Amino acid sequence: MPPIKRTKFKLNTDELLQMFYWLKLIRSFDERLSLLVRQGKVRSGVYTGIGQEAIIVGTCFGLRKEDYICPLHRDLGALLMKGVEPRVMMAQMFGKATGLSKGRDSALHSGVPELGIFGNTSMLGANLPVAAGIALTFKMEQKDNVVLAYFGEGASNTGDFHEAMNFAGVQKLPVVFICENNLYAYSVPIEKAMAIEDVAVRAEGYGFDGVAINGNDVLAVYQAMKGARRRARAGDGPTLIECKTYRWHGHSEHDKAFYRTPEELAMWKSRDPLVTFTAYLTHMSVLTPENEQEIDARIRNVLDDAVRFAEDSPDPAPEDAVTDLYA
Ligand SMILES: Cc1ncc(C[n+]2csc(CCOP(=O)(O)OP(=O)(O)O)c2C)c(N)n1
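Just so we're clear, the structure is a prediction, and the values are computed from it rather than from any experiment. (Residues numbered from 1 in each chain as written. Predicted model: local features only at pLDDT ≥ 70, side-chain atom pairs only at ≥ 80, totals over all residues. Heavy atoms only, no water.)

### Considering the overall build of the chain
1) Next: In terms of helices and strands, the chain carries ten helices and seven strands.
2) Next: Relative to the 2.2 N^0.38 estimate, which gives 20 Å for 327 residues, the radius of gyration of the chain is 19 Å and therefore close to what a compact globule would have.
3) Next: Taken along its principal axes, the extent of the C-alpha atoms in the chain is 60 × 50 × 45 Å.
4) Next: Counting all 327 residues of the chain, 52% fall into the buried class.
5) Next: Sequence-distant contacts, at least 24 apart, represent 76% of the contacts inside the chain between residues at least 6 apart.
6) Next: Working note: accessible area of the chain is about 15000 Å², and carbon and sulfur atoms make up 54% of it. (Helix = DSSP H or I, 4+ residues; strand = E, 2+ residues; numbered from the N terminus. Rg over C-alpha atoms; globule rule 2.2 N^0.38 Å. Buried < 20%, exposed > 50% of the residue type's maximum accessible area, 1.4 Å probe, protein only. Contact = heavy atoms within 4.5 Å. Areas by Shrake-Rupley, 256 points an atom, 1.4 Å probe, with all protein chains shown as cover.)

### Notes on the site of the ligand
1) Next: Near the ligand, the surroundings consist of 15 residues, among which His73, Arg74, Ser122, Gly154 and Tyr184 are the closest.
2) Next: One of the backbone nitrogen or oxygen atoms of Gly154 is found 2.9 Å away from an oxygen atom of the ligand.
3) Next: Here Tyr184 contributes a backbone N or O atom positioned 2.9 Å from an oxygen atom of the ligand.
4) Next: Starting from 580 Å² of accessible surface for the ligand in isolation, the protein chains cover 73%.
5) Next: Class assignment of the residues belonging to the shell around the ligand gives a composition of seven nonpolar, six polar and two charged. (Near = heavy atom within 4 Å. Polar contact = N/O pair within 3.5 Å; in protein donor to acceptor, adjacent residues only side chain to side chain. Nonpolar A, V, L, I, M, F, W, Y, C, P; charged D, E, K, R; others polar.)

### Comments concerning the packing of aromatic side chains
1) Next: Under the counting rule described, the total for this entry stands at eight aromatic pairs.
2) Next: Ring geometry for Phe277 against Tyr280: centres 6.3 Å apart, planes inclined by 15°, an arrangement best described as stacked. Here the residue Phe277 and the residue Tyr280 both occupy positions in helix α9 (residues 273-283), the gap between them amounting to three residues, near one helical turn. Both residues of the pair, Phe277 and Tyr280, count as buried. (Phe/Tyr/Trp six-rings, centres within 6.5 Å; stacked < 30°, edge-to-face > 60°.)

### A look at helix α1 (residues 13-38)
1) Next: Its 26 residues place the ends of α1 38 Å apart at the C-alpha level, agreeing with the 38 Å of an ideal helix rising 1.5 Å per residue.
2) Next: You can read the cap of α1 off the contacts: a side-chain oxygen lies 3.1 Å from the backbone nitrogen of Asp14, and it is on Asn12.
3) Next: The positive-phi residue at the C-terminal boundary of α1 is Gly40, with phi of around 75°. (Expected span 1.5 Å × (residues − 1).)

### Regarding the pattern of salt bridges
1) Next: By the definition in use, this model includes 16 salt bridges.
2) Next: Between Arg38 and Glu253 there is a salt bridge, with its nearest N and O atoms 3.2 Å apart. You can see Arg38 sitting in helix α1 and its partner Glu253 sitting in the loop between β7 (239-244) and α8 (262-269), a full 215 residues away along the chain.
3) Next: For Arg38, a relative accessible area of 62% puts it in the exposed group.
4) Next: Judged by its relative accessible area of 17%, Glu253 is buried.
5) Next: Linking Lys102 and Asp324 is a salt bridge whose minimum nitrogen-to-oxygen distance equals 2.8 Å. Of this pair, Lys102 sits in the loop between α4 (86-93) and α5 (127-140) while Asp324 sits in the segment after α10 (289-312); the two residues are 222 residues apart in sequence, bridging distant segments of the chain.
6) Next: According to the relative accessible area criterion, Lys102 is partly exposed, its value standing at 40%. (Salt bridge = Lys/Arg side-chain N within 4 Å of Asp/Glu carboxyl O.)

### A closer look at the nonpolar core
1) Next: Residues Met19, Met90, Met93 and Phe277 are the most contacted members of the largest nonpolar core, which totals 68 residues.
2) Next: Counting residues per element, this core draws most heavily on α1, which supplies eleven residues.
3) Next: In contact with Met93, other than residues within four places in its own chain, are Leu33, Val42, Arg43, Ser44, Gly45, Val46, Leu76 and Ala107.
4) Next: Core analysis: the next-biggest nonpolar cluster, separate from the first, contains 26 residues, Leu128, Ala135, Ala168 and Val199 among them. (Core = buried A, V, L, I, M, F, W, Y, C linked by side-chain atoms within 4.5 Å.)

### Here we look at the sheet that holds β7
1) Next: Sheet architecture is open: five strands sit in the order β1-β2-β3-β7-β6, paired in parallel fashion. Since the sheet does not close on itself, it has two edges, and those belong to β1 (68-70) and β6 (209-214), each with one partner. On average, each strand axis in the sheet is tilted by 20° relative to the strand beside it, whichever way the strands run.
2) Next: Pairing geometry for β1 and strand β2 (residues 147-152), over three bridges, is parallel. (Pairing = 2+ DSSP bridges. Axes fitted to C-alpha atoms, helices over the stretch in contact; angles between N-to-C directions.)

Interpretation note: all reported values are geometric properties and have no functional meaning in isolation.
Structure below.
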């Protein structure tokens, strides 16, 4: 492979290819799940992030194990990047005994403390004060870890969002607030829920910086995240990164999304984060037909293995229903 000239943001060839792998794995995982839903094999609710993957890859790339993520219902890919094995994630979606929560809940609420993953809450925005709380712990323990707090633009209209931002601003906490602005909160378009265009401007009211970026450009997300992470680790407080994006599927797999037009969807599909990154990497001679084929084969194997594992795994045993209880 010829040496690449200059990559953006000092990423080397291996790192760029790793980013490409994650982007494609997360896309493929969601697409496979969507198919499996139609085959009646998935017990969990499925809220795909298809079209939004650049946000997850750009923000999670290069995180430490000790850093914490507080993901949103659409952020299954963040769990994978933080270290959950794809086969365990798939078993979770199938509600099997080998899944993260051993079949006790839908996919969305499982935390893995040893991997730095907070289990998502059902109440929109309720993960954000928790994220600030985890960041406060890091600050009190004088550890330079960061917390990534994900939310949709819909959640940014809840009280919890504002309380978390205020507390994080006052305390200068090492938290990065990541808004996945996909323009709809279920069927509600953003203009019917907010009187402003950019969620990012809300940060100013709480004393820290907010920036609105192209959430479909993985390198732009990575760059914004890198600066925010550096400031958080240095004790300079939070940042709000608003990533403009679009979800290709409905709110969940049962939602046909009749509230938006085919033209709008087509326009956003033309900004596919995977296609644009593929074009960039090809142009930079990082991606070749050979290594792309190798990555595709690797992803196929990972997913086939994950589905096989989930299908072959046992259901939770009834007598285990009362084990692992907190109280
Ligand atoms: C406080 C609260 N209100 C309503 C709901 C029901 N609900 C679940 S997801 C969702 C839409 C969320 O939109 P957004 O925050 O923009 O995230 P997105 O799903 O678009 O990624 C709604 C209304 C909820 N879970 N919690």
